[in-house]
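Structural characterization, general
If you want the building blocks of each chain, they are given just below.
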Amino acid sequence: MHELLLRNARIIDPASGRDEVNDIAFADGRVADIGPGLEAGEVRDLSGHIVSPGLIDLHTHIYWGGTSLGVDPVAYAREAGATTLVDAGSAGAGNFHGFRAHVIEPSAPRIFAYLNISFAGIFGFSDEVMVGECGDFRLLEPEVCLEVAERHRDLIVGIKVRVGMAASEGRGVAPLDLALEVADELGLPVMCHLDHPPPSRLEVVSRLRPGDVMTHCFRPFPGAPARARDGAVREEIIAARERGVLFDIGHGAGSFGFVTAEAMLEAGFMPDCISSDVHTMSIRGPAYNLMVTLSKFLALGMPLNDVIAASSWGPARAIGKTELGTLEVGARGDATVMKLTSGEFSFMDVKGLERTSSEQLELEGMILDGRWWS
Ligand SMILES: [Zn+2]
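1. Some remarks on the overall build of the protein
For the protein, the helix and strand inventory stands at 11 helices and 17 strands. The C-alpha atoms of the protein give 20 Å as radius of gyration, which agrees with the globular expectation for 374 residues (21 Å, within 12%). Looking at the protein as a whole, 53% of its 374 residues are labelled buried. Residue pairs in contact within the protein that sit at least 24 positions apart in sequence constitute 74% of those at least 6 positions apart.

Okay, structure coming up:
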């Protein structure tokens, strides 16, 4: 007798290659069994629904109240359909302990974090104030970053660095080099953001190691991974994928363009991870949330199973937490319940371009630690 049983759902688990209508049971916080004839205390009939692994939003900003760009993780997770949220460097060594105590520990959805190489984290990000945290070398102190990352190793999955004119104010790749040095010492990956050059895409991408994450990977010109004129994917991008660099969407307010995405998908270059980069300036559009971002990729023709892979197993591997992101028996009992609905839907990128679709994903509920959570 299990605790929770979901009946007649289409179970899609890219990690195991499973895509079938079946029953799935949860017990003791884990996936207990898949197959017909199971019994449980609570039974839900989910005919016509999709059950995927609990979705993981790899790029969020959820240091709510502690940073100007942070949104409330619990409210956000309920909208986004994500059972795991990964914060992308909102906090640095100077304020990570507050993030841990006031946000991460009390939160129901799982939260992991990339620690910002900058001591202050992303401290000046709003409509009124925009100051890049990597623009002042006095804030980039590798020793204290390393020390805090080691102290919070149970939560920290890598080092975040933002370079570009907005984030590092023309300091080139120096902040990235410091982040790589800390990450190398920790044996963890770097997640790197590039906004408006300098530094160039070539300087940034050529430095990334296997397992490092290039976020905002389908950004529009300049710094786009494909040439808009003919859709050609840049050589350094292809070389980076071949050596194992991971490509994450990080939609946000300025970092996802349909023209780039169409060129990349046309070339057969799918993202490893699809994430929202949700923050106070992207949550009311154009990113909204993970569920909407996933629907945009369906609208662009990316197959459903690949879209789910890029929001479950892909990010689980990127953060090295492979008991998440899968529905294998014994895995963590996290799942997302969705419906593929038909209609006329319209989506917008960060440039205000529109694409339409005849289907979109809609969230029905979530299972967290083996219990229904919605
Ligand atoms: Zn971000």
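2. Topic: the sheet that holds strand 8 (residues 110–116)
What holds strands together in a sheet is hydrogen bonding between their backbones, with the strands either parallel or antiparallel. One open sheet accounts for seven strands, arranged 6-7-8-11-12-13-14; its pairing is parallel. Two strands in the sheet have a free side with no partner beyond their single neighbour: strand 6 (55–60) and strand 14 (246–247). Helix-sheet contacts for helix 2 (residues 96–104) involve strand 7 (82–92) and strand 8, and the interaxial angle to strand 7 is about 150 degrees. Against the sheet, helix 5 (residues 174–186) touches strand 11 (156–163) and strand 12 (190–194), its axis set at about 170 degrees to strand 11.

3. Remarks on the domain arrangement of the protein
You can read the domains of the protein as domain 1 (2–51 + 329–349 + 357–373) and domain 2 (53–318). Measuring from the centre of the C-alpha atoms in domain 1 to the corresponding centre in domain 2 gives 27 Å. Contact residues are listed per partner, giving 21 residues for domain 1 and 24 residues for domain 2. Every element with two or more residues in the side of domain 1 that touches domain 2 is listed here: strand 1 (2–13), strand 15 (335–348) and strand 16 (354–368). If one sorts the elements of the side of domain 1 that touches domain 2 by residue count, strand 16 sits on top with eight residues. The residue inventory of the side of domain 1 that touches domain 2, partitioned by class, reads 13 nonpolar, three polar and five charged.

4. Describing the packing of helix 3 (residues 142–151) against helix 5
Running from amino to carboxyl end, helix 3 crosses helix 5 at an angle of 35 degrees, the nearest separation of the two axes being 10 Å. Classified by chirality, the crossing of helix 5 by helix 3 is right-handed. In contact with Pro 142, Cys 145, Leu 146, Ala 149 and Glu 150 of helix 3, helix 5 contributes Leu 178, Glu 181, Val 182, Glu 185 and Leu 186. For the contact of helix 3 with helix 5, the residue count by class is seven nonpolar, no polar and three charged.

5. Thoughts on the nonpolar core
The biggest cluster of nonpolar side chains holds 115 residues, and the ones touching the most others in it are Val 86, Ala 113, Leu 115, Ile 159 and Ala 179. Counting residues domain by domain, this core receives three or more from each of domain 1 (2–51 + 329–349 + 357–373) and domain 2 (53–318). Setting aside anything within four residues of it in sequence, one finds Ala 179 in contact with Ile 117, Ile 159, Val 161 and Val 190.

6. Focus: the pairing of strand 3 (residues 30–34)
Across four bridges, strand 2 (residues 18–27) lies against strand 3 in antiparallel orientation. Across the sheet, the residue bridging to Ile 24 is Ile 34, located in strand 3. Linking strand 2 to strand 3, which pair antiparallel, is a turn of two residues; within it Asp 28 sits at a positive phi near 50 degrees.

7. Details of unusual backbone geometry
Negative phi values dominate among residues other than glycine, just as trans dominates among peptide bonds. The peptide bond linking Pro 197 to Pro 198 adopts the cis configuration, its omega dihedral lying at 5 degrees. Topologically, Pro 198 is positioned in the loop between strand 12 and helix 6 (201–205). A cis amide bond, omega 0 degrees, links Pro 198 with the succeeding residue Pro 199. Locating Pro 199 in the fold gives a position in the loop between strand 12 and helix 6. Its identity is not glycine, yet Asp 277 carries a phi of approximately 50 degrees, on the positive side.

Rules behind the numbers
- Residues numbered from 1 in each chain as written.
- Predicted model: local features only at pLDDT ≥ 70, side-chain atom pairs only at ≥ 80, totals over all residues.
- Helix = DSSP H or I, 4+ residues; strand = E, 2+ residues; numbered from the N terminus.
- Rg over C-alpha atoms; globule rule 2.2 N^0.38 Å.
- Buried ≥ 20, exposed ≤ 12 C-beta atoms within 10 Å, placed from the backbone.
- Contact = placed C-beta atoms within 7 Å.
- Pairing = 2+ DSSP bridges.
- Axes fitted to C-alpha atoms, helices over the stretch in contact; angles between N-to-C directions.
- Domains from an automatic or database assignment.
- Nonpolar A, V, L, I, M, F, W, Y, C, P; charged D, E, K, R; others polar.
- Left-handed = near helix turned anticlockwise from the far one by under 90°.
- Core = buried A, V, L, I, M, F, W, Y, C linked by C-beta atoms within 7 Å.

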